[in-house]
Amino acid sequence: MTHPRRLGVIVLVLTAAAMAYVATSVSLDSDYAAFLPAGASPTQRTFMTELREGAASRVVLIELGGAAPADLAATSRKLAAALAASADFRYVNNGESGMGERELALIAGHRYLLSDRLDGPAPFSAAALRTALDERLEALSGSAGMLEKRFLANDPTGETRRILGRIVPAKAPQRIEGVWFDATATHALLLAETRASGSDLARQDAAFAALAREFAASRAAPSIAMEFSSAGAMAVRSRALIASDARTLSLASMAGVLAILFWAYRSLRVVALCAIPAALGLLGGIVTVNLLFGSIHGITLAFGATLLGESVDYPSYLLTQVMPGVSASEAGARIGRTLRLAVLTTACGALALLFGGFPGLAQLGVLTITGVLVAGAATWWVLPSFVPRQWSPVAPPAWLVRRVAAPGRQRMSRWSRRAIAAVAALGAVAAAWSKPWWDDDLASMSPLPASMKAQDARLRGAMGAPDVRFALTIEGRSREDVLVKTEAIRSSLERAVAARSIAGFDLVADYLPSEATQARRRQALPDPDVLRANLAAAADGLPFRLQAFEPFVEDVARARSAPPLTQDAYEGSALRLKVEGLLHGAGSEWQVVVPLAGVSDSSALERVLPSGVHLLDMRAEATSMMSAYRKQAVHSSSIGLVLIFAVLAFGLRSFTGACKVLGPILLAAVTTGALLIAAGEPLTVFHYVALLLTIGIGVNYALVMASAQARDDRAGMWRTLAVVSGTALVTFGLLALAHAPVLHAIGITVCIGIVLSLALATLLIDAPPAAERAG
Amino acid sequence: MTSLRPRRAVDRLVAVLALAAAGIVHALEPADVLTPLSRVERSDATFEETRHIAALTAPVVRRGSLHYVRPAELTMVVDSPVRERLRIVGGTLTLEGRGGTREIRITDMPVVAALVESIRGTLAGDPAALGRYFTVRASGEAARWRLELTPLTTELATAVSRITIEGADTQIGRIDVNESSGDRSVMLIAPAARKP
């Protein structure tokens, strides 16, 4: 064996290099698209990206309450002004300008490109103008005459009003003291948009800190309280929730684990050694993933760290076998095959993840494989050199040895043991049979407590921005292509509204017509002389002063040569948010989303849709993506199990030996899943990853048992199993107490899985040898 | 302002004494007009409104009736040239015309809210309702008063430059609305028998 000091230096240098690489070059990404199958439809892809990065993910709904309306309104105004000036926010609206002056000016300014009246025949003929002037005259005599006059000189044909009638949302919050309030008039409402995308949690967090700061500075009365909600806020809060759970629980579990290790090893140095292989494994895994993929996904890191949990046990396999007279190196040699197989089975199980077609799962596979290989190598080559000479773990208490290791406890026959195991497993499966097995609802993956989701729903309701469930998606090769296609479905949608299969729709082409349509509308504009002549003919016999319409003639003349309307024209207004929310894409992949309101008959709607337009049921879509991910994971891991079996059969040089090791553990995993389902907890991807970990750990236990049985060393076996299962139970048992559903799912699954693995392995592997039974 | 009050009281006393000596009563305050109005439970009147609009060669003349019921209900029935019924209850305005019925929240439209309050607030005798949008000045005497409303906000001032309301005791006789564009309207109001 290499000299310990030289080995220590090599390990230290490699570790330092890896850490330097992690600190400088590893980039963490959180693009959910990585967890979509490579064959996911473009719709699914954009849907997912939009969900994480799009305009909707940046919108923050803010609510101020706890004081009289006047104070709330004053606070709302100050806060809105402060946010508008803040670098963290791109847009803010508190209703002060409502469908405001800015938006109105933009629509009025582009009215001849936006109005669909110009698509009709001869929109500025004398006859058409006469109809318009008659209408204007009547309106001027009406009670709304004063408001009507505002558009008279520039827009006698009423284009602005026509456009507004089509696009102004039916529901907006009411205004009190000039700003938005909820229906009960107790809370002022604001809508803001962060500059950072919803998935950029660090910058979202900074924006929320700025929001809290500005609120504190704007507060008109100390009793005023602020609530806010957004996709980003929910993500930030869920991260904080997981972090706080993880902090408390990991402190507690670290204390528990250290207590067990210290009880077993009675040496600070040895306890510290236990942490080295797992830490090096994680480090190595991160470096490899980053080298291969260019970045590492947040989810890979989280799940990967979980899957590497079993490597924490590797040192204990070695250390618990050290005894007076058996040095660390000799113990290493004794457990060599068990350790090698433990590492290789996990690595082979993860190998299947590489070929599933999900980049996210492939990363997870690479991290796990590299991690266990490094941790195994560190345990095998590095650890023994650092274990102090003459050191050995404390002997387990006599009562424990008596209870678990006494030959008298093995009275039960092999077949009755098998029967008990089979009945237990079948019972659990039968109890689970009629219950739903899988939970693919994206919402139940959310780590947020129900109260936080309810608050978000309430704020959305108050703001008149309910969650859209149904939408149409239209794909195109370019922005122009997709806009032309969008314009083409208007008539179908209008028929659907008339047939009452939908209540309404929101077409991006109403805000941003295709260039072709804009060009056509521009062509419909007459030159000033023709327009003046038509106007004179139209006004004949009406009490209008013709000169009053000179601004109209000028506006039409200007519109004839105005540049096309582009998305950029809407910068700084609510309309930009609108357009960005409905139209996205780049290069040759563009997509328009058409939110639908009040869908009462989706199948009738689907029948009238032209080909290439898809009806998207957001909830169904998210669920189908989750189930695709889950199915792929199940598929990959089945292949993984075959590989694990092959490794075991090869390593143990025995087909039946492999069955003996893997059988009880598979049975334990199935029983664990069935118990969870039977208890009313359908399995999510998190449970599934946890079950994979359970199999990884369980196989190691079974290997320890099988190898101990071969050596007839039951005391040594229980010494090892007491330490490794004790630390695992403390860690995952505490995790089961977490508030975040992710952590809870992993904790509870692994806990049950470990207990069942131990129980079933004891029943099925640790059976009395045939000779003993005969005697 | 509190600190100025004693002095203002002294000023007023001096003025009253001086005017009393001259045989004239003291200058009219808005409250002197509004307080008696605040005791009227309901009122019904006919009106004739003449709108002078720059874009038109002839004024538009509208006729109809006005009905107020304390505290916040105002109905305007237009008989000609176009039949319409405008009803404001609290913050909701309902307009029934040839184009159907439209309902808007007046708080959403400050200019509309100000125009509504200039009439309703005066009929209600509610200085706070008027003071929300206008500075109010009174002149004349109780038997022939005049209120001048000037917009408080610049937003309102871009639409309306001044509203003048004239009346006698608890009866409004005339409302002049001067718009910032130069257009104006004159509404003449006469008491009418209560409509069933």
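Residues numbered from 1 in each chain as written. Chains lettered and ligands numbered in written order. Predicted model: local features only at pLDDT ≥ 70, side-chain atom pairs only at ≥ 80, totals over all residues. Heavy atoms only, no water.

1. Here we look at the overall build of chain A
Stage number 1. Helix and strand counts for chain A stand at 33 helices and 13 strands.
Stage number 2. Out of the 775 residues belonging to chain A, those deemed buried represent 51%.
Stage number 3. In chain A, 80% of the contacts between residues at least 6 apart in sequence involve partners at least 24 apart.
Stage number 4. Of the roughly 33300 Å² of accessible surface on chain A, 63% is carried by carbon and sulfur atoms. (Helix = DSSP H or I, 4+ residues; strand = E, 2+ residues; numbered from the N terminus. Buried < 20%, exposed > 50% of the residue type's maximum accessible area, 1.4 Å probe, protein only. Contact = heavy atoms within 4.5 Å. Areas by Shrake-Rupley, 256 points an atom, 1.4 Å probe, with all protein chains shown as cover.)

2. Topic: the nonpolar core
Stage number 1. Counting residues in each nonpolar core, the largest one holds 77 residues, and the members touching the most others are Tyr-265, Tyr-701 and Leu-721 of chain A.
Stage number 2. Among all residues touching Tyr-265 of chain A, those that are not within four sequence positions of it are Val-270, Val-271, Cys-274, Ser-316, Leu-319, Thr-320, Trp-391, Pro-393 and Val-723 of chain A.
Stage number 3. Core analysis: the second largest hydrophobic core is formed by 41 residues, Ala-45, Ile-88, Val-111 and Ala-138 of chain B among them. (Core = buried A, V, L, I, M, F, W, Y, C linked by side-chain atoms within 4.5 Å.)

3. What about empty space enclosed by the protein?
Stage number 1. Here the structure, examined in full by the defined rule, presents six cavities of 30 Å³ or more.
Stage number 2. Approximately 210 Å³ is the volume attributed to the largest cavity.
Stage number 3. Looking at the largest cavity, it is lined by 16 residues, and the ones nearest its centre are Thr-346, Gly-349, Ala-350, Ile-644 and Leu-692 of chain A.
Stage number 4. Those elements that place two or more of their residues in the lining of the largest cavity are helix H15 (328-351), helix H28 (618-651) and helix H30 (685-711) of chain A.
Stage number 5. When the residues that make up the lining of the largest cavity are grouped by side-chain class, the tally is eight nonpolar, seven polar and one charged.
Stage number 6. Quantified by volume, the second largest cavity comes out at close to 130 Å³.
Stage number 7. Considering the residues around the second largest cavity, the lining is formed by 14 residues, among which Ser-43, Ala-45, Leu-123, Gln-171 and Ile-189 of chain B are closest to the centre.
Stage number 8. Elements with a contribution of two residues or more to the lining of the second largest cavity: strand E1 (42-52), strand E2 (60-69), helix H3 (110-124) and strand E10 (171-179) of chain B. (1 Å grid on protein atoms, 1.4 Å probe; cavity = no way out; pocket = protein on both sides within 12 Å on 5 of 7 lines; lining within 4 Å. Points joined across faces, edges and corners; volume = space filled by probe spheres on them. Nonpolar A, V, L, I, M, F, W, Y, C, P; charged D, E, K, R; others polar.)

4. Section: the interface of chain A and chain B
Stage number 1. Each partner contributes residues to the interface: chain A has 20 residues there, and chain B has 28 residues.
Stage number 2. Buried surface at the junction of chain A and chain B, summed over both partners, amounts to about 2000 Å²; 53% is from carbon and sulfur atoms.
Stage number 3. When the buried area of chain A at its contact with chain B is split by residue, Ser-143, Met-146 and Arg-175 of chain A rank highest and sum to 29% of it.
Stage number 4. Here chain A and chain B share zero salt bridges between them.
Stage number 5. One can count eight residue pairs in polar contact (both at pLDDT 80 or more) joining chain A with chain B.
Stage number 6. Looking at side-chain class alone, the side of chain A that touches chain B contains eleven nonpolar, five polar and four charged residues. (Buried area = accessible area lost by both parts, 1.4 Å probe. Salt bridge = Lys/Arg side-chain N within 4 Å of Asp/Glu carboxyl O. Polar contact = N/O pair within 3.5 Å; in protein donor to acceptor, adjacent residues only side chain to side chain.)

5. Considerations on the packing of aromatic side chains
All names here are of chain A.
Stage number 1. Counted by the stated rule, this structure contains seven aromatic pairs over all chains.
Stage number 2. Put simply, the rings of Tyr-112, Phe-124 and Phe-552 touch in pairs and so form one group of aromatic residues.
Stage number 3. Against the face of Phe-124 rests Arg-117, its NZ or CZ located 5.4 Å from the ring centre. (Phe/Tyr/Trp six-rings, centres within 6.5 Å; stacked < 30°, edge-to-face > 60°. Lys NZ or Arg CZ within 6 Å of the ring centre and 35° of its normal.)

6. What to know about helix H12 (residues 268-293) of chain A
Stage number 1. Across its 26 residues, H12 of chain A extends 38 Å between first and last C-alpha, which sits within 8% of the 38 Å expected from 1.5 Å per residue.
Stage number 2. Positive phi shows up at Gly-294 of chain A, right after H12 of chain A, with a value of about 85°. (Expected span 1.5 Å × (residues − 1).)

7. Notes on the sheet that holds strand E9 (residues 160-168) of chain B
Strand pairs in the sheet, formed through backbone hydrogen bonds, run parallel or antiparallel to each other.
Residues and elements named next belong to chain B.
Stage number 1. Taken in spatial order, the eleven strands make up an open sheet running E6-E5-E4-E3-E2-E1-E11-E10-E9-E8-E7, and their pairing is antiparallel. The two strands at the open ends of the sheet, each matched to only one other strand, are strand E6 (100-105) and strand E7 (134-141). The sheet shows a mean angle of 15° between the axes of neighbouring strands, taken without regard to direction.
Stage number 2. Bridge count between E10 and strand E11 (residues 184-191): five bridges; the pairing is antiparallel. Each residue of the ladder has a partner; that of Asn-178, found in E11, is Arg-184.
Stage number 3. Contacts from H3 reach E1, E2, strand E3 (73-80), strand E4 (84-89), strand E5 (92-97), E7, strand E8 (144-151), E9 and E10 within the one sheet, and its direction differs from that of E9 by about 20°. (Pairing = 2+ DSSP bridges. Axes fitted to C-alpha atoms, helices over the stretch in contact; angles between N-to-C directions.)

8. A look at the pattern of salt bridges
Residue and element names in this part refer to chain A.
Stage number 1. Tallying each qualifying case throughout the model produces 37 salt bridges over all chains.
Stage number 2. A salt bridge links Arg-490 to Asp-510, with the nearest nitrogen and oxygen atoms 2.6 Å apart. Taken together, the residues Arg-490 in helix H22 (residues 490-498) and Asp-510 in the loop between strand E10 (504-505) and helix H23 (515-523) connect sequence positions 20 residues apart.
Stage number 3. One salt bridge in this structure joins Arg-532 and Glu-550, with 2.7 Å as the shortest N-O distance. Residue Arg-532 is found in helix H24 (residues 528-539), and its partner Glu-550 is found in helix H25 (residues 550-561); the two are separated by 18 residues along the sequence.
Stage number 4. Salt bridges linked by common partners bring Arg-58, Arg-90, Glu-193, Glu-571, Arg-576 and Glu-580 together as one network.

9. Remarks on helix H5 (residues 101-109) of chain A
Owing to its 3.6 residues per turn, the α-helix aligns residues three or four sequence positions apart on the same side.
Stage number 1. Those residues of H5 of chain A lying buried are Glu-103, Leu-104, Leu-106, Ile-107 and Ala-108 of chain A.
Stage number 2. Residues of H5 of chain A that are buried make contact with strand E3 (89-93), helix H6 (111-114), helix H9 (159-167) and helix H26 (574-582) of chain A.

10. Concerning the environment of Phe-686 of chain A
Residues and elements named next belong to chain A.
Stage number 1. Tracing the chain through its elements places Phe-686 in helix H30.
Stage number 2. A residue is classified by how much of its surface remains accessible, and Phe-686, at 11% relative accessible area, is buried.
Stage number 3. Placed 63 residues apart in sequence, Phe-686 and Thr-749 show a C-alpha to C-alpha distance of 9.3 Å.

11. Focus on the confidence of the model for chain A
Residue and element names in this part refer to chain A.
Stage number 1. Confidence in the prediction of chain A, expressed as mean pLDDT, is 81, and 87% of residues score 70 or more.
Stage number 2. Mean pLDDT per element in chain A: helix H33 (residues 770-774) is the minimum at 41, and H23 is the maximum at 94.
Stage number 3. The model gives residues 770-775 a pLDDT under 50, and that stretch makes five contacts with residues more than four places away or in other chains. (pLDDT = per-residue confidence, 0-100.)

12. Examining the packing of H15 of chain A against H30 of chain A
Residue and element names in this part refer to chain A.
Stage number 1. Two elements in contact, H15 and H30, have axes separated by 9 Å at closest approach and are oriented at 155°. Our classification of the angle between H15 and H30 gives roughly antiparallel. Every pair of crossing elements has a handedness; the one defined by H15 and H30 is right-handed. Taking contact as the criterion, the partners of Arg-334, Thr-338, Leu-341, Ala-342, Thr-345 and Thr-346 in H15 are, on H30, Gly-696, Val-699, Asn-700, Leu-703, Val-704, Ser-707 and Arg-711. (Parallel < 35°, antiparallel > 145°, perpendicular 65-115°, else oblique. Left-handed = near helix turned anticlockwise from the far one by under 90°.)

13. Focus: the packing of H24 of chain A against H25 of chain A
A pair of packed helices is characterised by two quantities: the angle between their axes and the separation of those axes.
All names here are of chain A.
Stage number 1. Where H24 meets H25, the axes come as close as 10 Å, and the angle between the chain directions of the two elements is 145°. The handedness of the crossing between H24 and H25 comes out as right-handed. On the side of H24, the interface is formed by Pro-528, Leu-531, Arg-532 and Leu-535, while H25 contributes Glu-550, Phe-552, Val-553, Val-556 and Ala-557.

14. A short note on the pairing of E10 of chain B
All names here are of chain B.
Stage number 1. Pairing of E9 with E10, which is carried by eight bridges, proceeds in the antiparallel orientation. By the bridge assignment for E10, Thr-164 is matched with Asp-176.
Stage number 2. In sequence, E10 turns back onto E11 through a hairpin of four residues, with Gly-182 there showing a positive phi of about 105°.

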